[in-house]
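# Architecture and fold: a report
In case you want the letters, here they are:
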Amino acid sequence: MIGEKQMIYVITTFEKVDRNAGYWIKYGSQRTVGYYFNYEDALEVLTNNICDLWETCYDYAALEALPEGLYPHGRDGYDVEYFHYNIDKDKYEPIDKFEVEQSGVMPIWSIG
C-alpha cells in the first residue's frame, strides 16, 4: 500500500467506569453507534447528543480515530477521546483519558 491511510471516526457509547470491580475496569453495556469519515462531523454528532446517543444510560462515549487496516493501534494513527454526558446541558463533554483507561492499557472500543 502506498500513501496515507484513510481514517474513520467511530462513536461508541458505554454505561459506566467502575474502578471498584476488581483489577480490570468495568464499563457496563456498550455499543458502537456509527462512524464518519470526517472528524468534525463525528465530534458534532457526539457532543450534541444527536439522535439521543445517551438513551438514558450511556453516560460515557469514546470517539476513536481508526486507520484503514486490521487491528488498529497507535503506530498506525489510532487515537481516542473520551466524553461524559452532562444531563443538564444534554451534551457530551470531553474528559481526561485517565478517567476511563486502565493504567498502561489503551482499549480499542469498536474494532480489533
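The number of helices and strands found in the chain is one helix and five strands. Secondary structure elements of the chain, listed N to C terminal, follow the sequence β-β-α-β-β-β. Looking at the chain as a whole, 37% of its 112 residues are labelled buried. Restricting the contact set of the chain to residue pairs at least 6 apart, pairs at least 24 apart contribute 63%. Taken as a whole, the chain presents about 7000 Å² of accessible surface, with 51% of it coming from carbon and sulfur.

The subject of this paragraph is the side chain of Glu-64. Note on placement: Glu-64 falls in strand 3 (residues 60–67). For the buried Glu-64, which has no salt bridge, the nearest side chain bearing the opposite charge is Lys-97, at an N-O separation of 10 Å. Within the structure, Glu-64 has its side chain in polar contact with the side chain of Tyr-78 (distance 2.6 Å). Only 2.6 Å separates the side chain of Glu-64 from the side chain of Ser-110, close enough to count as a polar contact.

This paragraph deals with the sheet that holds strand 5 (residues 91–95). Remark on secondary structure: sheet strands pair via backbone hydrogen bonds, oriented parallel or antiparallel. Sheet architecture is open: five strands sit in the order 2-1-3-4-5, paired in antiparallel fashion. Across the chains shown, the open sheet's two edge strands, defined by having one partner strand only, are strand 2 (30–36) and strand 5. Taking the axes of each pair of neighbouring strands and ignoring which way they run, one obtains an average angle of 30 degrees across the sheet.

Conventions adopted
Residues numbered from 1 in each chain as written. Predicted model: local features only at pLDDT ≥ 70, side-chain atom pairs only at ≥ 80, totals over all residues. Heavy atoms only, no water. Helix = DSSP H or I, 4+ residues; strand = E, 2+ residues; numbered from the N terminus. Buried < 20%, exposed > 50% of the residue type's maximum accessible area, 1.4 Å probe, protein only. Contact = heavy atoms within 4.5 Å. Areas by Shrake-Rupley, 256 points an atom, 1.4 Å probe, with all protein chains shown as cover. Lys, Arg positive; Asp, Glu negative; His and termini not counted. Salt bridge = Lys/Arg side-chain N within 4 Å of Asp/Glu carboxyl O. Polar contact = N/O pair within 3.5 Å; in protein donor to acceptor, adjacent residues only side chain to side chain. Pairing = 2+ DSSP bridges. Axes fitted to C-alpha atoms, helices over the stretch in contact; angles between N-to-C directions.

Just distances and angles here, no functional claims.
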